[in-house]
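Observations on the three-dimensional arrangement
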Amino acid sequence: MNFRFPLLAALFAAIALFPAVPAHSEGESDTMILVAKRQLRDQLYGSTILIVKHLGEDRHVGFIINKPTQMTLGKLFPNHPPSQKIVDPVYLGGPFNSQVIFALVQRPDSPGGRSVRLSQDLYLAVDSQIVDRIIESQPQNARFFAGMVLWKPGELADEVKRGLWYMHDARSDVVLRKADGLWEELVGRSERKANTI
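About the thresholds
All chains use their own residue numbering, which begins from 1 and follows the written sequence. Where totals are concerned, whole chains, interfaces and linings use all residues; where local detail is concerned, this predicted model gives features only for residues with pLDDT of at least 70, and gives and counts side-chain atom pairs only at 80 or more. Note that the side-chain values use all heavy atoms of the structure and ignore hydrogens as well as water. Put simply, a salt bridge is a Lys or Arg side-chain nitrogen that is within 4 Å of an Asp or Glu carboxyl oxygen. Note on exposure labels: buried denotes an accessible area under 20% of the residue type's maximum, exposed denotes more than 50%, and partly exposed covers the range between, all computed with a 1.4 Å probe on protein chains only. Helix and strand assignments follow DSSP, with helices taken as H or I runs no shorter than four residues and strands as E runs no shorter than two, numbered in order from the N terminus.

1. Structural notes on the pattern of salt bridges
Per the stated rule, a full pass over the model turns up seven salt bridges. A salt bridge links Asp109 to Arg107, with the shortest nitrogen-to-oxygen separation between them at 2.9 Å. Residue Asp109 is classed as partly exposed on the basis of its relative accessible area of 40%. Measuring nitrogen to oxygen at the nearest pair gives 2.6 Å for the salt bridge that ties Glu185 to Arg189. Of this pair, Glu185 and Arg189 both sit in helix 7 (residues 182-196), four residues apart, which is roughly one turn of the helix. Take Arg189: its relative accessible area is 33%, and that puts it in the partly exposed class. If you follow the salt bridges from partner to partner, you end up with Arg177, Glu185 and Arg189 in one network.

Keep in mind these numbers describe shape, not what the thing actually does.
The structure is reproduced here in structure tokens:
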């Protein structure tokens, strides 16, 4: 069932960015968590945590994991009964294609389609029919995002060089935690670690 038919053109534009990452990619070493440093004073990216995947050719895609919105899937898709059962908010993944819903799902194997492996047990679902299936069958193991963050070649490397981000290994227990207090915890931990080096 494809209940997001009007959004398909935008979704196909978004997933066209993923050919460099093979389906069921094993390259979770190319995935990291970025934690905004205190000096990153940006309206969108200040105090954020992102999960980021390297796409090849120095391009990166990511999702802000700690910005819940006021929207739920039930509000977005009122005629889809499985969406009505999900009370957790949709998260603002980023400004690019913010009308498209993506899913991060914790499971031992790929949910199918062009899903991308981010860590040992975490997958990004980009195909609308796979996102639908996750909504319908395992929403308790997933987080849903509107939009994503894209970096042009060299852009993320420049931001890291300028000292805007702390970098951490990608772990599903961090990515799928509730957002309340998470940035403060991770930035504090990063600062303490930096001070002991």
